[in-house]
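Each chain, letter by letter, is given below.
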Amino acid sequence: MKKIVLFALFACMLGTYSCNHIDPLAAKPYKFPEHDLDSLVDIDQALVNIVKMQGGKVQEKKFFLADTVCYDLQYNKFGELISVYKFNGKGIELWQENYYPNGQRMSHFEKGSDLKTGESYFNGFYEAYYEFGEIKEHGVYKNNELLWMVPFTKDRISGDTILYEIKR
């Protein structure tokens, strides 16, 4: 009888965990909240510098928040957001995101910077996404070189090969 009660208790715990478990690779639909930055400008909590193309469409917006961070948003000729770069107050690039024409995030890369030259490079985790938010790749860069990467299908099934390189 004790075995049946223990088994039932274990089955309930497992069922509860599986119902509450959040899939870390679940689709992450995400569009950059540009309107949040615009609203900070409206209430004088941020400054914005806008560069326009000849046709009047926005080419680039740089948002400055209290000398501590800067967001640089870049647009294509149709006025669609294509890239966002985040900098700290010292002009060091922290990360970069690229976007599909539908506004969905295409990729997110952590960045590092050479303090002497100011040049940025890929350094840290990155994720790439399919057009509707499903994970496409997950990996790590170090000093602009890909260390490892795991590809995924649109159903979030990882590939059978992990790309990695050990350097000594």
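Residues numbered from 1 in each chain as written. Predicted model: local features only at pLDDT ≥ 70, side-chain atom pairs only at ≥ 80, totals over all residues. Heavy atoms only, no water.

**Examining the nonpolar core**
Argument step 1. In this structure, Phe32, Leu37, Leu65, Tyr71, Leu73, Leu81 and Val84 are the most contacted members of the largest nonpolar core, which totals 13 residues.
Argument step 2. Going through the elements one at a time, β2 (58–65), β3 (69–75), β4 (81–88) and β5 (93–99) are the ones with two or more residues in this core.
Argument step 3. In terms of residues, this core owes the most to one element, β3, which gives four residues.
Argument step 4. Among residues more than four places away in sequence, those in contact with Val84 are Phe32, Tyr71, Asp72, Leu73, Trp95, Gln96, Glu97 and Tyr99.
Argument step 5. Among the nonpolar cores identified, the runner-up in size contains five residues, and Phe109, Ala128, Tyr141 and Met149 belong to it. (Core = buried A, V, L, I, M, F, W, Y, C linked by side-chain atoms within 4.5 Å. Buried < 20%, exposed > 50% of the residue type's maximum accessible area, 1.4 Å probe, protein only. Helix = DSSP H or I, 4+ residues; strand = E, 2+ residues; numbered from the N terminus. Contact = heavy atoms within 4.5 Å.)

**With respect to unusual backbone geometry**
Argument step 1. If you check the backbone angles, Asp44 has positive phi at about 60 degrees while not being a glycine.
Argument step 2. The topology assignment puts Asp44 in the loop between α2 (34–42) and β1 (47–52).
Argument step 3. Asp44 gets classed as exposed once you look at its relative accessible area, which sits at 69%.
Argument step 4. Not every positive phi belongs to a glycine, and Asn144 is a case in point at roughly 75 degrees.
Argument step 5. By the secondary structure assignment, Asn144 is in the loop between β8 (135–142) and β9 (145–151).

**Considerations on the pattern of salt bridges**
Argument step 1. Following the criterion strictly, the structure yields four salt bridges and no others.
Argument step 2. For the salt bridge of Asp38 with Lys61, the shortest nitrogen-to-oxygen distance reads 3.5 Å. With a gap of 23 residues between them, Asp38 in helix α2 and Lys61 in strand β2 connect regions that are remote in the sequence.
Argument step 3. Among the ionic contacts, a cluster of salt bridges with common partners joins Glu34, Asp38 and Lys61. (Salt bridge = Lys/Arg side-chain N within 4 Å of Asp/Glu carboxyl O.)

**Considerations on the confidence of the model for the protein chain**
Argument step 1. For the protein chain, per-residue confidence averages 82 on the pLDDT scale, and residues scoring 70 or more make up 76% of the total.
Argument step 2. Within the protein chain, the element-level pLDDT minimum falls on helix α1 (residues 2–20), averaging 48, and the maximum on β5, averaging 96.
Argument step 3. Within the model, the stretch residues 16–22 combines pLDDT values under 50 with zero contacts to residues more than four positions away or in other chains. (pLDDT = per-residue confidence, 0-100.)

**Points about the pairing of β1**
Argument step 1. Sheet topology note: the β1/β2 ladder contains six bridges and is antiparallel. Among the inter-strand pairings, Leu47 is bridged to a residue of β2, identified as Phe64.
Argument step 2. What sits between the antiparallel neighbours β1 and β2 is a turn of five residues, in which Gly56 has the positive phi angle 95 degrees. (Pairing = 2+ DSSP bridges.)

**Describing the side chain of Arg105**
Argument step 1. Among the structural elements, Arg105 can be located in strand β6 (residues 105–113).
Argument step 2. A polar contact of 3.1 Å, which involves the side chain of Arg105, links it to the side chain of Glu97. (Polar contact = N/O pair within 3.5 Å; in protein donor to acceptor, adjacent residues only side chain to side chain.)

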